[in-house]
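Reading the structure
In case you want the letters, here they are:
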Amino acid sequence: MALSGTALGGSITPSMPATALSDLSLYPHGPDPVKDETYWELVRNYFPRPEGYINLENGYFSHQPVSTLQKHQELEQDINKRNSYFMRREHYTAVENARHALSGFLGVGPEELALTRNTTESLNIVIGGYRWKKGDEVIIGNQDYGSMVQAFQQASARYGIKIKTAQVPLHPKSDAEVIEAYTRHLGKKTRMVHLTHVINLTGQVIPVSAIADACRTRNVLVVVDAAHSVAQLEFKLPDLKADIVAGSLHKWMCAPLGLGFLQMKQAHIPKFWPLMADLDHPETNIRHFEHQGTKPIHSLIALGEAIRFHHQIGGTLKQNRLRYLMQYWTTRVEKFPGLSLLNPHTDNARNCAIANVRVDGYAPSDLAEKLMNEFQIFTVAIEHRVVNGVRITPHLSTSLQDLDALVSALKGICGG
Ligand SMILES: Cc1ncc(COP(=O)(O)O)c(C=O)c1O
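Residues numbered from 1 in each chain as written. Predicted model: local features only at pLDDT ≥ 70, side-chain atom pairs only at ≥ 80, totals over all residues. Heavy atoms only, no water.

**With respect to the overall build of the protein chain**
The helix and strand tally for the protein chain stands at 12 helices and 13 strands. For the protein chain, whose C-alpha radius of gyration is 22 Å, the value lies close to the compact-globule estimate of 22 Å for 416 residues. When the backbone C-alpha atoms are referred to their principal axes, the protein chain occupies close to 60 × 55 × 40 Å. The long-range share in the protein chain, meaning contacts at least 24 apart out of those at least 6 apart in sequence, stands at 72%. Accessible surface computed for the protein chain: about 17700 Å², of which carbon and sulfur atoms make up 51%. (Helix = DSSP H or I, 4+ residues; strand = E, 2+ residues; numbered from the N terminus. Rg over C-alpha atoms; globule rule 2.2 N^0.38 Å. Contact = heavy atoms within 4.5 Å. Areas by Shrake-Rupley, 256 points an atom, 1.4 Å probe, with all protein chains shown as cover.)

What follows is the structure, given as structure tokens:
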């Protein structure tokens, strides 16, 4: 039986106290929780809604649920009051508590986990900090995130490394096809293979563990950009079988802005220079990579609240709901004349919430502008060597009515 907000102890509003979060885990789901709109309405009420437009660009970062935001703000006020006393005497414990909470979530030991500001910082430690030798080779993907490609290009200019690029198809027919795109470049000089778990341009999921298996005997470091997979897909980091994984927590974890991590096995830690000089920790200590200077500790402490919110829903249910939202609109538009979907939208081993749509006759930026100006739907245009379309990213805060509005807009645009 579906419970109303009142039955759960009062309607949920953005000013609701954080204690009401437990209601989500007590909610008795029906036979198909992914489609239980009464439940998802309760979840949605935790997220502030923008006025005047529908936000279908949740890939940049996710807004915090009100419970996390409230905790975050309380912590900021508290630290502001206690000032340097907190920073000098208590903040180290707070950092270690956050490390432990995140290590439990990710399924790795705390001594393998550096707390960073985002994936970009984490991967710059790896790419810029490796002790490269001239002529070393790396393999990257043709749809890797721009900042990582630039980091490899800088390492190439600085240290003389050679970059080889795997051509990952938009609609792979099998894992073997993707694995081969990478392994065909493996050679005696390959030192690193860089994989993007979920490609941000299209939402395609790369078979990371299978590629890592294929590299196992080659003595190369497998490095994974998990910016879009952590807390969107249900997995633990060891499932990826990688040597190093980096992620951002302000995306699908809905944590405060400016939180990320770098995970690497202890044996690898001394292979990298930190981004900022650190002689406070031995080079075998993961904290060696955390020398950022003074930072917003309240955000780090609020991470615990974000993890709690994620668990209230449950990782598998969240993943399946997000995929359902993507398929809700893509299956309704797929036959519209002149429209193409650039993600593997029906292949559940390779898709997630993110999709990308192209309409013949429209540059991506023109289509995104039309959606915003005429239909008040905010998206993002992707204009890239390989992918040209408009990225559509729903989140937990997205309703079916929001997606109906998108379908109706695309129908009008395509004359479908
Ligand atoms: C695949 C991928 N990697 C890395 C990043 C960078 O994330 P951040 O800006 O949090 O460092 C992004 C950002 O969207 C991304 O999509």
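**Considerations on helix 10 (residues 315–333)**
Given a rise of 1.5 Å per residue, 19 residues ought to cover 27 Å, and the 28 Å separating the end C-alpha atoms of helix 10 matches this to within 8%. The buried fraction of helix 10 is high, at 15 of 19 residues. (Expected span 1.5 Å × (residues − 1). Buried < 20%, exposed > 50% of the residue type's maximum accessible area, 1.4 Å probe, protein only.)

**A short note on the site of the ligand**
Near the ligand, the surroundings consist of 13 residues, among which T120, D225, S248, H250 and K251 are the closest. A distance of 3.4 Å separates an oxygen atom of the ligand from a polar atom in the side chain of N118. T119 is positioned such that a nitrogen or oxygen atom in its backbone is 3.3 Å from an oxygen atom of the ligand. Summarising the interface, the protein chains cover 89% of the accessible area of the ligand, which totals 390 Å² for the free molecule. (Near = heavy atom within 4 Å. Polar contact = N/O pair within 3.5 Å; in protein donor to acceptor, adjacent residues only side chain to side chain.)

**Some remarks on the packing of helix 4 (residues 91–106) against helix 9 (residues 297–313)**
Packing of helix 4 against helix 9 brings their axes to within 9 Å, and their N-to-C directions diverge by 30°. Taken together, helix 4 and helix 9 sit at an angle that is classed as roughly parallel. Crossing of helix 4 against helix 9: the hand is left-handed. When helix 4 is examined against helix 9, the residues H91, A94, V95, A98, A101, L102 and F105 are found in contact with a partner set consisting of I297, L300, I301, L303, I307, H310 and H311. Its residues assigned to classes, the contact of helix 4 with helix 9 shows 11 nonpolar, 3 polar and no charged. (Axes fitted to C-alpha atoms, helices over the stretch in contact; angles between N-to-C directions. Parallel < 35°, antiparallel > 145°, perpendicular 65-115°, else oblique. Left-handed = near helix turned anticlockwise from the far one by under 90°. Nonpolar A, V, L, I, M, F, W, Y, C, P; charged D, E, K, R; others polar.)

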